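Chain by chain, the residues:
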Amino acid sequence: MRYLTYSMLLVLVTTILITACKDDDDSCTEITWYQDSDGDGLGNAGVSQLACEQPTGYVTDDSDLDDTGDAVNPSGTPVSAFDEFNADAVTVSFDGDEITIESNALPNHTSPYWDSSNGLYVEPVIANESQMSPGTINERSYTVTVPASPEKASTTTATGLGAIGISVTGVPIFNDEEGPNIALSENVASGFDYAGGHMGPTGYHYHLESSDVTENTVLSQNDDKLVGILQDGFLLYGRKCNATSDYPSDLDASGGHSSATQHSDGEAFYHYHIINEFYTGSYIILFGGELQGTPNSIM
Ligand SMILES: [Zn+2]
Ligand SMILES: [Zn+2]
């Protein structure tokens, strides 16, 4: 009986409060606000409240699939970014929620690593000839399938030896190692061409940002150009971000952040940058951190 009285009292008080509220402000139209606990402007559809004015920490959007971390590509990887890839080497296929990138690894730039009979062969302009690795650029086959809307994983993953991404020229991107737990040395890097690449047992590949030489016309060099796509599906850009035309100051340990780029029509999405720090003298590594997304194998 006491419980019933209490319940009735509660209903009465609630009714008075609602009536009072309506009396105070006839023009108030309550709308649904969704919690945005990670502050990315996207709300969690599972946590909402009705209010006339925007409550702190709430937004009108309800599309956040992961309201615990940073914004993760709500509208997917911008498709126009794939126009930057060398069409003679790279084929990009879009299949629903997946993108497949295939490359023959033949770059559209000059190099002393081309056979001297090739039209793209040049004498070394950067490479220390005595440190150049043996072999000449030859056709290879690389294929990786990534999600069209990659997500950050709950844990980061260290990259391995071999291709960790496909660059815009079609050449595979390698990390900062030259062997199992053997960091790239300045000595080895001195044999790289101006593109930041050299030959290895599995073919020609890049480790470094390209050099500022007149021969360099297609590769990112201290700018905001697209460098390529890594095996977790996140794009890698040069040292500068198009959003600010400057070196980003909010990068995570992998060189990643969420912002718009020249490809995303104002939409923020997660992408990596070459970290603007020198590595072994004057050489800058393309990607030496851990993957923030889930790696897909590059076959
Ligand atoms: Zn190498
Ligand atoms: Zn950026």
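Everything below is about the structure shown above.
So, a few notes on the structure that sits alongside this text. Computed from a predicted model, the values in this text were never measured in an experiment.

Donor atoms from the polypeptide that coordinate the zinc ion (ligand 1) comprise Glu-178 (OE), His-198 (NE2), His-205 (NE2) and His-207 (NE2), at 2.0 to 2.3 Å from the metal. Between the 4 donor atoms coordinating the zinc ion (ligand 1), the angles at the centre fall across 81 to 161°, so the site counts as irregular. Each donor residue of the zinc ion (ligand 1) lies on one chain, and together they are spaced E-x19-H-x6-H-x1-H. A residue pair is termed long-range when its members are at least 10 positions apart, and Glu-178 in strand 10 (residues 177-179) and His-207 in the loop between strand 13 (203-206) and strand 14 (226-230) qualify at 29 residues. Residue class for Glu-178 comes out partly exposed when judged on its relative accessible area of 32%. For His-207, a relative accessible area of 0% gives the class buried.

Each aromatic ring pair is specified by the distance between its two centres and by the angle formed by the two planes. The final tally for this structure, using the stated rule, is 8 aromatic pairs. Each ring, one from Tyr-204 and one from Tyr-206, has its centre 5.8 Å from the other, and the planes form 75°; the classification is edge-to-face. For the pair Tyr-204 and Tyr-206, a shared accessibility class is recorded, and that class is buried. Look at Tyr-270 and Tyr-272: their rings are 5.6 Å apart centre to centre, the planes differ by 80°, and that puts the pair in the edge-to-face class. The residues Tyr-270 and Tyr-272 share a single accessibility class, namely buried. Members of the aromatic cluster, joined through ring pairs, are Phe-234, Tyr-270, Tyr-272 and Phe-287.

For a metal bound by four donors in a tetrahedral arrangement, the ideal donor-metal-donor angle is 109.5 degrees, while six donors in an octahedral arrangement ideally sit at 90 or 180 degrees. Coordination sphere of the zinc ion (ligand 2), protein contribution only: Cys-241 (SG), His-257 (NE2), His-271 (NE2) and His-273 (NE2), at 2.0 to 2.3 Å. One can describe the site at the zinc ion (ligand 2) as tetrahedral: its 4 donor atoms subtend angles covering 100 to 128° at the metal. For the zinc ion (ligand 2), all donor residues lie on one chain, and their spacing in sequence is C-x15-H-x13-H-x1-H. With His-257 in strand 16 (residues 256-259) and His-271 in strand 17 (residues 269-273), this pair connects stretches of sequence that are 14 residues apart. By relative accessible area, His-257 is classed as buried at 6%.

What counts and how
Residues numbered from 1 in each chain as written. Chains lettered and ligands numbered in written order. Predicted model: local features only at pLDDT ≥ 70, side-chain atom pairs only at ≥ 80, totals over all residues. Heavy atoms only, no water. Donors = N, O, S within 2.8 Å, 3.2 Å for Na, K, Ca; no water. Tetrahedral: all angles 85-135°; square planar, octahedral: opposite > 155°, others 65-115°. Helix = DSSP H or I, 4+ residues; strand = E, 2+ residues; numbered from the N terminus. Buried < 20%, exposed > 50% of the residue type's maximum accessible area, 1.4 Å probe, protein only. Phe/Tyr/Trp six-rings, centres within 6.5 Å; stacked < 30°, edge-to-face > 60°.

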